[in-house]
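Descriptive analysis of the structure
Spelled out from the first residue to the last, the chains are:
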Amino acid sequence: MTLDLLDAINQRHTTNGYFLPDPVSLAHQHLLVKAAARAPSHFNSQPWRFILVDDAAIRTRIAEIGGNSMTQLMEEGRFFTRYRKYFRFSQAEMEERRDGIYIDKLPAPLRPFIKQVFSERATNILKRLGVAKMLGRDNTKLVQASPLLLVALLDKEEYKQDGDLSDFYCVLSLGMAIEHIWLLTTKLGMGIQFVSTPMEIPSAWAEIKQLLAVPEHLEMMAIYRLGYVPAEKARPKIDWQSDQRKPLSRFVYRNTCNTPEKDTD
Ligand SMILES: Cc1cc2nc3c(=O)[nH]c(=O)nc-3n(C[C@H](O)[C@H](O)[C@H](O)COP(=O)(O)O)c2cc1C
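The rules behind these values
Residues numbered from 1 in each chain as written. Predicted model: local features only at pLDDT ≥ 70, side-chain atom pairs only at ≥ 80, totals over all residues. Heavy atoms only, no water. Phe/Tyr/Trp six-rings, centres within 6.5 Å; stacked < 30°, edge-to-face > 60°. Helix = DSSP H or I, 4+ residues; strand = E, 2+ residues; numbered from the N terminus. Buried < 20%, exposed > 50% of the residue type's maximum accessible area, 1.4 Å probe, protein only. Pairing = 2+ DSSP bridges. Core = buried A, V, L, I, M, F, W, Y, C linked by side-chain atoms within 4.5 Å. Contact = heavy atoms within 4.5 Å. Salt bridge = Lys/Arg side-chain N within 4 Å of Asp/Glu carboxyl O.

1. Digging into the packing of aromatic side chains
Evaluation of the coordinates by the stated rule reveals five aromatic pairs. With a centroid separation of 6.0 Å and 50° between ring planes, the pair formed by Trp 182 and Phe 194 is classed as tilted. Residue Trp 182 is located in helix α8 (residues 165-187), and its partner Phe 194 is located in strand β5 (residues 190-194); the two are separated by twelve residues in the primary sequence. Here Phe 194 falls in the partly exposed class, since its relative accessible area comes to 38%. When the ring of Trp 182 is compared with that of Tyr 224, the centres are 6.1 Å apart and the planes differ by 80°; the resulting orientation is edge-to-face.

2. Let's talk about the pairing of β5
Summarising burial for β5: four of the five residues are buried, a large majority. Pairing analysis gives five bridges linking β5 to strand β6 (residues 218-228), with the strands arranged antiparallel. Within β6, the position partnered with Met 190 by the bridge is Tyr 228.

3. Focus: the nonpolar core
Core analysis: the largest hydrophobic core is formed by 27 residues, its most contacted members being Leu 32, Leu 174, Ile 181, Met 190, Tyr 224 and Leu 226. Secondary-structure elements contributing two or more residues to this core are α2 (26-37), β4 (148-155), α8, β5 and β6. Sort the elements by how many residues they give to this core and α8 lands first, with seven residues. If we skip the residues at most four places from it in the chain, Leu 32 touches Ile 181, Leu 184, Thr 185, Leu 188, Met 190 and Leu 226. Counting residues in hydrophobic clusters, the runner-up holds 19 residues, among them Val 53, Ala 63, Val 143 and Leu 218.

4. Topic: the pattern of salt bridges
Following the criterion strictly, the structure yields 16 salt bridges and no others. Salt-bridge contacts for Glu 75 lead to Lys 133; the nearest nitrogen and oxygen are separated by 3.0 Å. Of this pair, Glu 75 sits in helix α3 (residues 56-76) while Lys 133 sits in helix α7 (residues 131-144), and the two are 58 residues apart along the sequence. We note a salt bridge from Asp 104 to Arg 235, for which the minimum N-O separation is 2.7 Å. Of the two residues, Asp 104 is situated in strand β3 (residues 101-105) and Arg 235 in the loop between β6 and β7 (239-241); the sequence distance between them amounts to 131 residues. Note on Asp 104: relative accessible area 28%, which makes it partly exposed. Each member of the salt-bridge network shares a partner with another, and the members are Arg 88, Arg 97, Asp 99 and Lys 246.

5. Regarding the side chain of Thr 197
Among the structural elements, Thr 197 can be located in the loop between β5 and α9 (202-211). In this structure Thr 197 comes out as buried when scored by relative accessible area, which is 10%. Excluding anything up to four places from it in sequence, Thr 197 contacts Gly 66, Ser 69, Met 70, Leu 73 and Asn 139.

6. What to know about the pairing of β4
Counting buried positions along β4 yields eight of eight residues, so the element is predominantly enclosed. The alternating pattern of β4 places Leu 148, Leu 150, Ala 152 and Leu 154 and Leu 149, Val 151, Leu 153 and Asp 155 on opposite faces, both of which are buried. Here strand β1 (residues 48-53) runs beside β4; their pairing, made up of six bridges, is antiparallel. Each bridged residue has a counterpart across the sheet, and for Trp 48 the counterpart in β4 is Leu 154. In this structure, β4 lies alongside β6, joined through eight bridges in antiparallel fashion. When the bridges of β6 are listed, Leu 148 appears paired with Leu 226.

7. What to know about unusual backbone geometry
The phi torsion at Arg 98 lies on the positive side, around 55°, for a residue other than glycine. With respect to the helices and strands, Arg 98 occurs in the loop between α5 (91-97) and β3. Even without being a glycine, Asn 255 presents a positive backbone phi close to 65°. The topology assignment puts Asn 255 in the segment after β7.

Note that every value here comes from positions in space, so none of it alone points to a role or purpose.
Structure below.
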């Protein structure tokens, strides 16, 4: 598929739905991590490490841990209180704010709750209604059905976590390496999504590190699910939009921060 870089950037997005069950070819897996390795890093230190997880049993276990983490986060209400500020509740609010995510697809019984979901009371109602368990189960199925998991790590030789600049450099470099992968998935007809709920539960993250035999000298930083995207992209039961971007005037300045850039679009 010929796709120039700007198209790849503009078409890059997060895949919330199911991938095709087809295994990701070894050639594509290696293309993705070789593209990551072409990313810039301080003094070409290449502090990133990756695990390509296509083993079904390991993917299933990570999916279960991910789903259980989501249920726990939802039942404890932590997820809602922590990320409330990113949620938009109407298309109009989304167009006004031009950032955040708008959950525009929700099972009918849940729609009345969407705004209250951030209150303690609603969290208990959702718990009683078993919504948190349903979301967890759905998430487990989604991750389990993904043919490839990609785990990103940093070498602690560089990523010392002692507040030294090299920590920032490592995270920045890893971010750029992952963006290379993300952009290349667009060209390969693939999709990618963070599997981030286990990151919020230290015991879940520790269990995955053990499962993947992560050695002491490496820090596990993020997990992604990948696969080929179906032609007909069925939206999951609960789905959101996050395609808006701020206008220039809201994130760019001219010469000093006293002068926001003029919007051109
Ligand atoms: C650090 C980080 C954590 C993220 N965690 C999640 C996540 O848990 N689930 C998810 O679907 N997307 C996650 N995302 C993707 C963002 O939600 C997404 O990039 C943003 O909403 C813009 O949408 P787009 O990627 O489709 O352009 C994460 C992105 C970043 C950079």
